Amino acid sequence: MPIMLFVILALIFVILLIVVTNIVIVPQSMVYVVERLGSYSDTWSAGLHVKIPFIERIAKKVSLKEHTIDR
């Protein structure tokens, strides 16, 4: 019985870890470009978002701040 309990607890821990690591907070003045299975899917603006594990990935983090150039 203790082995089965250990397996169940380990499985719950792995599932919880996957869920927590796929919650993404996009900071203000940033946008994230999201790819689903390698092709463009969406652009996330500031706020809380949830990725689909193993399917979606953040391809690029783009800053919306102005860049100054010295002349």
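It should be noted that the structure appears before, not after, this text.
Here is a short report on the structure shown in this document. Since we're looking at a predicted model, the values are computed, not measured. (Residues numbered from 1 in each chain as written. Predicted model: local features only at pLDDT ≥ 70, side-chain atom pairs only at ≥ 80, totals over all residues. Heavy atoms only, no water.)

## Section: the overall build of the chain
- When its secondary structure is counted, the chain shows one helix and five strands.
- Sequence-ordered secondary structure for the chain, helices as α and strands as β, is α-β-β-β-β-β.
- A separation threshold of at least 6 residues defines the contact pool for the chain, and within that pool the share at least 24 residues apart is 42%.
- A total accessible area of about 6,100 Å² is found for the chain, and carbon and sulfur atoms account for 68% of it.
- When the 7 positive and 5 negative side-chain charges of the chain are each reduced to one mean point, those points stand 5 Å apart. (Helix = DSSP H or I, 4+ residues; strand = E, 2+ residues; numbered from the N terminus. Contact = heavy atoms within 4.5 Å. Areas by Shrake-Rupley, 256 points an atom, 1.4 Å probe, with all protein chains shown as cover. Lys, Arg positive; Asp, Glu negative; His and termini not counted. Charge placed at Lys NZ, Arg CZ, Asp CG, Glu CD.)

## A few points about the pairing of strand 3 (residues 39-44)
- One ladder, built from five bridges, connects strand 2 (residues 30-36) with strand 3; its direction is antiparallel. Across the sheet, Val 34 pairs through a bridge with Asp 42, a residue of strand 3.
- Between strand 2 and strand 3, which follow one another and run antiparallel, lie two residues, and Leu 37 among them has a positive phi close to 55 degrees. (Pairing = 2+ DSSP bridges.)

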